[in-house]
Amino acid sequence: MASNHSTAEEQRPVRHNSEGPKKHIIAFIFSILLTLVAFAAVAAGEINKSFIYIIIMGCAMLQVFVQMAFWMHMKDRGHVFATVGILMGVFIAFTCIVMAKYWVWW
């Protein structure tokens, strides 16, 4: 006859590892530094404009990575649906930009 009693190990609640505030503080400081680098590049005024665009786009891409990885927790498992949605949005936006360029050029 099977027993419906469970052991103490089975009744213990499952604890999840929290990453704590340390990584969030580091990500926040990195985000502030990226913002300051972009602001300083524009405020300098003596730098070539095309190089400023490269700096700003590089900082923006790094900022997106930091936001996605640390604030939206996209680096963790179980975010496949959100990742597919973001990639689909990027694909649609890129397609719209390409279509708009060709529409204007022709």
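This write-up is about the structure you can find in this document. From a predicted model like this one, the values you see are computed outputs, not experimental measurements. (Residues numbered from 1 in each chain as written. Predicted model: local features only at pLDDT ≥ 70, side-chain atom pairs only at ≥ 80, totals over all residues. Heavy atoms only, no water.)

With that out of the way, let us pick up the overall build of the protein. What the protein contains, in helices and strands, is 4 helices and 0 strands. The order of α-helices and β-strands along the protein, N terminus first, is α-α-α-α. Each of the 106 residues in the protein was classed as buried or not, and the buried ones make up 11%. The long-range share in the protein, meaning contacts at least 24 apart out of those at least 6 apart in sequence, stands at 54%. When the accessible surface of the protein is split by element, carbon and sulfur atoms take 72% of a total near 9,600 Å². (Helix = DSSP H or I, 4+ residues; strand = E, 2+ residues; numbered from the N terminus. Buried < 20%, exposed > 50% of the residue type's maximum accessible area, 1.4 Å probe, protein only. Contact = heavy atoms within 4.5 Å. Areas by Shrake-Rupley, 256 points an atom, 1.4 Å probe, with all protein chains shown as cover.)

Position of F65 among the secondary structure elements: in helix α3 (residues 49-71). Judged by relative accessible area, which is 54%, F65 ranks as exposed.

For the rest of this paragraph, the subject is a nonpolar patch on the surface. On the surface, I25, F28, I29, I32, L33, L36, W71 and M72 cluster together into a nonpolar patch covering about 770 Å² of accessible area. Among the elements that line the nonpolar patch, the one with the most residues is helix α2 (residues 21-44), at 6 residues. Tracing the sequence through the fold places I32 in helix α2. (Patch = residues over 30% accessible without salt bridge, like charges linked within 9 Å, V, L, I, M, F, W, Y side chains within 5 Å. Salt bridge = Lys/Arg side-chain N within 4 Å of Asp/Glu carboxyl O.)

What follows concerns the environment of I56. Relative to the helices and strands, I56 is located in helix α3. With 22 residues separating them along the chain, I56 and L34 place their C-alpha atoms 9.0 Å apart. If we skip the residues at most four places from it in the chain, I56 touches A38 and V42.

Bringing α2 into the picture now. Taking 1.5 Å of rise per residue, the 24 residues of α2 would be expected to cover 34 Å, and the 34 Å separating its terminal C-alpha atoms lies within 8% of that figure. All of the buried residues in α2 are A27, S31, L34, A38 and A41. Immediately beyond the C-terminal end of α2, within one or two residues, lies G45, with a positive phi of roughly 75°. (Expected span 1.5 Å × (residues − 1).)

What follows concerns the nonpolar core. Residues L34, A38, A41, I55 and C59 constitute the largest nonpolar core, which totals 5 residues. Those elements that place two or more of their residues in this core are α2 and α3. Here the element with the most residues in this core is α2; it accounts for 3 residues. Not counting residues up to four positions away in its chain, the partners in contact with I55 are V37 and A41. (Core = buried A, V, L, I, M, F, W, Y, C linked by side-chain atoms within 4.5 Å.)

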